[in-house]
Amino acid sequence: MELEDILFDLDDEELINSDGEQYFLFLSGGDIYALPASNVIEIVEYQHITKVPKLFSFIKGITNIRGEVIGVVDLLNRCGLGDTEITNRTSLVIVNTTQNDKKQTVALMIDEIYEVDGLDNDSISSAPSFGTKVKSSFIKNIARYNKMEITVLDCDTLLSIDELSRIKD
């Protein structure tokens, strides 16, 4: 499923001013999170993952997406919130991260797609340094969306190439 195909039918009153940057919103562990849509390549249905030994528990293994082998990271496990339960709504979000001028493609396992929408710049605030479920370094911003607080994740920190490539002792 391509990112452009994930637009949901919502009443205009529910939409926040879409003059801001576009975000991919999704559910994991009962909470709504967001990623800048510019980081998202595509969303695919959950598919078979081949386990790789000696990796951290949040790295579920690898999968083949159109001939490209991609590492799969369980978002909930990465954030220390347990494992993602595999259901018929579980998806893999294929994202690009950049570190040290190198691009890396990673699949992020999530519970369910929510929508793609713009967030008004006035609704976005700095991430708190404490009091969040998710490690503060993984949070880029907090946004107000449809009367809810949404955690905007920092892809580059969450999916740090240096950390993901380390072998577990």
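For the structure, see preceding data.
Cut-offs and rules
Residues numbered from 1 in each chain as written. Predicted model: local features only at pLDDT ≥ 70, side-chain atom pairs only at ≥ 80, totals over all residues. Heavy atoms only, no water. Pairing = 2+ DSSP bridges. Helix = DSSP H or I, 4+ residues; strand = E, 2+ residues; numbered from the N terminus. Axes fitted to C-alpha atoms, helices over the stretch in contact; angles between N-to-C directions. Salt bridge = Lys/Arg side-chain N within 4 Å of Asp/Glu carboxyl O. Buried < 20%, exposed > 50% of the residue type's maximum accessible area, 1.4 Å probe, protein only. Contact = heavy atoms within 4.5 Å.

Draft legend 1. Fine view of the sheet that holds strand β8 (residues 112-118). Here we have 6 strands laid out as an open sheet, ordered β8-β1-β2-β11-β10-β9, and mixed in their pairing. Either end of the sheet is taken by a strand with one partner, and the two such strands are β8 and β9 (124-126). Adjacent strand axes in the sheet meet at a mean angle of 35°, parallel and antiparallel pairs treated alike. Taken together, the 3 bridges between β9 and strand β10 (residues 139-145) define a ladder with antiparallel strand orientation. By the bridge assignment for β10, I124 is matched with A143.

Draft legend 2. Summary view of the pattern of salt bridges. Inspection of every chain in the model, using the stated rule, returns 4 salt bridges. Here D83 ties to K60 by a salt bridge, and the two come within 3.2 Å at their closest N and O atoms. Remark: K60 occurs in strand β4 (residues 59-65) and D83 occurs in the loop between α1 (75-78) and β6 (91-99); sequence separation between them is 23 residues. With a relative accessible area of 18%, K60 lands in the buried category. Among the ionic pairs, R144 bridges to E149, the shortest N-O distance being 2.8 Å. Here R144 falls in the partly exposed class, since its relative accessible area comes to 38%.

Draft legend 3. Just the environment of I49, in detail. As for its placement among the helices and strands, I49 is situated in the loop between β3 (40-45) and β4. With 15 residues separating them along the chain, I49 and N64 place their C-alpha atoms 8.3 Å apart. When sequence neighbours within four positions are dropped, the list of residues in contact with I49 reads K60, G61, I62, V72 and M109.

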